[in-house]
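# Architecture and fold: a report
These are the residues of each chain, in order.
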Amino acid sequence: MFRMILFTQWKWSRLTLSPLVVAAFALPVFSVQRAGNPQTTPWEARQLLSSLESWGVAYPVLATTIALFMAMTAWSADHRGRHVYALSLPIPRWHYALQRFGAGALLLGAAVIALWLGALFAAGTASIPAGLHAYPTAIAVRFALALFLAYAVFFAITAGTTRTAGYVLAIIGGIIAVQVLLETAGVHVALIPFIGDRLILWPGPLEIFSGRWMLIDV
Amino acid sequence: MFERHRWAVAALVASMMPAILTAQDTTALVRRLHQLELLRHSAAVAVARAESARRERLDTVRSGALVIVVRPGEAALVRQASGVAWTRLDSVYGDEAATLSSTPMLFFLLGPPRPQMAHLYPVIADSAATSADVAFQLVRAASAVIREKADTLVANWTGPLLLPGVPAATEHARVYVELVTAPSVAVRRCYAGTADACAAALGLGEGDPAVLGYDAAERRALVAHSTDLLGRLRPAVDACTLGSDSACLDVLHARGFEPPLSTDARQSLVRLTLVSGGRRALGRLAHGVSRSLSQRFALAARMPVDSLILAWRRAIIEARPKPVTIAPARAWTALGWIVLMGLVAFRSSRWR
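No experiment lies behind these values; they were computed from the predicted model shown. (Residues numbered from 1 in each chain as written. Chains lettered and ligands numbered in written order. Predicted model: local features only at pLDDT ≥ 70, side-chain atom pairs only at ≥ 80, totals over all residues. Heavy atoms only, no water.)

This next bit is on the packing of helix α1 (residues 2-31) of chain A against helix α3 (residues 58-80) of chain A. Residue and element names in this part refer to chain A. Orientation of α1 relative to α3, taken along the N-to-C sense of each, is 175°, at an axis distance of 10 Å. By the angle between their axes, α1 is roughly antiparallel relative to α3. Facing Q9, W12, S13, T16, L17, L20, A23, A24, L27, P28 and S31 of α1, the residues of α3 in contact are A58, Y59, L62, T65, I66, F69, M70, T73, A74 and A77. Across the contact of α1 with α3, the residue classes break down as 15 nonpolar, 6 polar and no charged. (Axes fitted to C-alpha atoms, helices over the stretch in contact; angles between N-to-C directions. Helix = DSSP H or I, 4+ residues; strand = E, 2+ residues; numbered from the N terminus. Parallel < 35°, antiparallel > 145°, perpendicular 65-115°, else oblique. Contact = heavy atoms within 4.5 Å. Nonpolar A, V, L, I, M, F, W, Y, C, P; charged D, E, K, R; others polar.)

Below, the structure written as structure tokens:
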């Protein structure tokens, strides 16, 4: 049964997933375009690091995009068919959801491997200035964790009812509204930065997305 | 006749000797300099007032030692900004910021014609400037004034304006990158922990900076990468690239060169010195003309220069930018959140 779920999810997602996997390979390769001279001065080394830092934003963005797409694809057919197929199966819901989750996660592995290969290729071909180091495996591991975390979050939201998604949106909208009202009333409470810090700073759930995503670094 | 005049001059000089000696007494000199400074300040303020009265009605805004002449319509904005600016200036420059009182500034916004006030240091802001923008312009102008008052050796060594409000972590992280990438034997030894090498890398070593900062191959590379060499140095440049180290040294001495570590690194050392040395630290650093730079740093920071430099190095090493690698605890935390989110999905009540 898992093979069938995997096959159908692959069929539904391959047209969009394939270019995203290519993008995952290309991202580290493009990010080291400035690394051409091993005799660089510190100023040029700093420019190289700045360039890599700019490219670094693309890693979490790509991870989020792929994860969102795969999570939505995993449930879209069930939502369209009003879950009749799933209800007709002689298995509990958690078992079905686990197989959907596993199939999506397995397909995400292709993006992780593509990024790792791209990073290894980029690190191998770039001329890295003395004192700097390449971290192809570390960036791939981090990308994998970010990808699976984002996938788990989106999968949990899309697995629920429309009402659940509505609750999530209402909570986000409510926080923004409260912040705006407080500011209007002259009460300077940094509610959004406070919540943002709790989410992206350790041990917050999205901590893996923060920090420097540098293929080459000190 | 000549002989008689010579004796007369000798007698005159001899009679003036006590007065000359008194004038050279340090305490008296300091007192007279202080009086002179007060007179200069009073004169500058009087000139500002006189010109103000003569040409256009202007207000004077004071905050700490900042004296700012401004149009009445802009006084409220400048008053608000000057408080912020003074706090920042005082926090970095300490007592040296008090010398700003002798340099009144003229603030005006872009657009209307500049007020007709000579002898005042101009501070210009955009017509749409906010209080924060004006505070920044005041800080820049005041920093420039303080830089001009420091002696040339320190000002040139420090480089651009030493501005308050630069985040130490960011500055130190930039210096860390230099510390691991600068093509200099002194920098590599500094990274390994040698205080003398750090001094050489910062341009504070006692001796020839070209020899202290770079080895022969690095000197040759330094000359080879220079694109602005003078024509008369061409033979020496050619000899240097062919392997003559003495020719490389001649070229470097003739055209000058920067220490291996940049002004970012040097400014970070100055900031640490000012923090360590207290409110009078900048005065000791910027005006100790008879001493070498390293002696002045030691005097300003109230500690041996080696200790100061090692403390600086420690701060830089501690500010190493966080690389992409993740600690196991963080990886496990991420995995924990993944499992938790998965469990939420499996427990959802879609068809229960």
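After presenting the structure, the write-up continues.
Further remarks concern the pairing of strand β3 (residues 105-109) of chain B. All names here are of chain B. Taking burial as the measure, the 5 residues of β3 include 5 buried ones, the bulk of the element. Judged by which residues are buried, β3 turns out to be covered on both faces: M105, F107 and L109 on one side and L106 and F108 on the other are all buried. As judged from the 3 bridges shared by strand β2 (residues 66-70) and β3, these two strands associate in the parallel manner. Bridging from a neighbouring strand, I68 pairs with M105 of β3. (Buried < 20%, exposed > 50% of the residue type's maximum accessible area, 1.4 Å probe, protein only. Pairing = 2+ DSSP bridges.)

Taken together, the contacts link 44 residues of chain A with 33 residues of chain B. Each partner contributes to the roughly 3,500 Å² buried at the junction of chain A and chain B, and carbon and sulfur atoms together form 72% of this total. Joining chain A to chain B, the criterion identifies 1 salt bridge. For the salt bridge of E207 of chain A with R330 of chain B, the shortest nitrogen-to-oxygen distance reads 2.5 Å. Between the two partners, chain A and chain B, sit 6 residue pairs in polar contact (both at pLDDT 80 or more). Broken down by element, the residue count for the side of chain A that touches chain B peaks at 11 residues, all from helix α6 (residues 136-159) of chain A. A breakdown of the residues in the side of chain A that touches chain B according to their chemical character gives 31 nonpolar, 7 polar and 6 charged. (Buried area = accessible area lost by both parts, 1.4 Å probe. Salt bridge = Lys/Arg side-chain N within 4 Å of Asp/Glu carboxyl O. Polar contact = N/O pair within 3.5 Å; in protein donor to acceptor, adjacent residues only side chain to side chain.)

Let's shift gears to the state of the cysteines. All names here are of chain B. Taken as a whole and judged by the stated rule, the model has 2 disulfides over all chains. Between the sulfur of C190 and that of C198 lies a disulfide, 2.1 Å long from S to S. Handedness of the C190-C198 disulfide follows from its S-S torsion of about 95°: it is right-handed. Comparing C190 with C198, the two get one shared label, buried. Paired by a disulfide, C240 and C248 hold their sulfur atoms 2.0 Å apart. Of note, the bridge from C240 to C248 carries an S-S torsion of about 90° and is right-handed in sense. By the burial criterion, C240 is buried, and C248 matches it. Disulfide partners in chain B, listed by the sequence order of the bonded cysteines, are 1-2, 3-4. (Disulfide = S-S within 2.5 Å.)

The subject of this paragraph is the nonpolar core. Of all hydrophobic cores here, the largest spans 137 residues; its most connected members are I66, F143 and Y151 of chain A together with L100 and W312 of chain B. Element by element, the count of residues in this core is highest for α6 of chain A, at 15 residues. The residues touching Y151 of chain A, leaving out its near neighbours within four places in the chain, are A67, M70, A71, A74, R100, F101, G104, A105 and L108 of chain A. One finds A210, V223, A247 and C248 of chain B within the second-largest nonpolar core, a separate group that totals 10 residues. (Core = buried A, V, L, I, M, F, W, Y, C linked by side-chain atoms within 4.5 Å.)

Moving on: the packing of aromatic side chains. Scanning the model with the defined rule gives 13 aromatic pairs over all chains in all. Centre to centre, the rings of W75 of chain A and F155 of chain A are 5.4 Å apart; their planes meet at 50°, and the pair counts as tilted. On the criterion of sequence distance, the pair formed by W75 of chain A in helix α3 and F155 of chain A in helix α6 is long-range, its members being 80 residues apart. In terms of burial, W75 of chain A and F155 of chain A fall into one category: buried. Their ring planes at 90° and their centres at 5.8 Å tell us that F101 of chain A and F346 of chain B sit as a pair that is edge-to-face. Here the residue F101 of chain A occupies a position in helix α5 (residues 93-125), and F346 of chain B occupies one in helix α17 (residues 328-346), the pair thus bridging two chains. By relative accessible area, F101 of chain A is classed as buried at 14%. (Phe/Tyr/Trp six-rings, centres within 6.5 Å; stacked < 30°, edge-to-face > 60°.)

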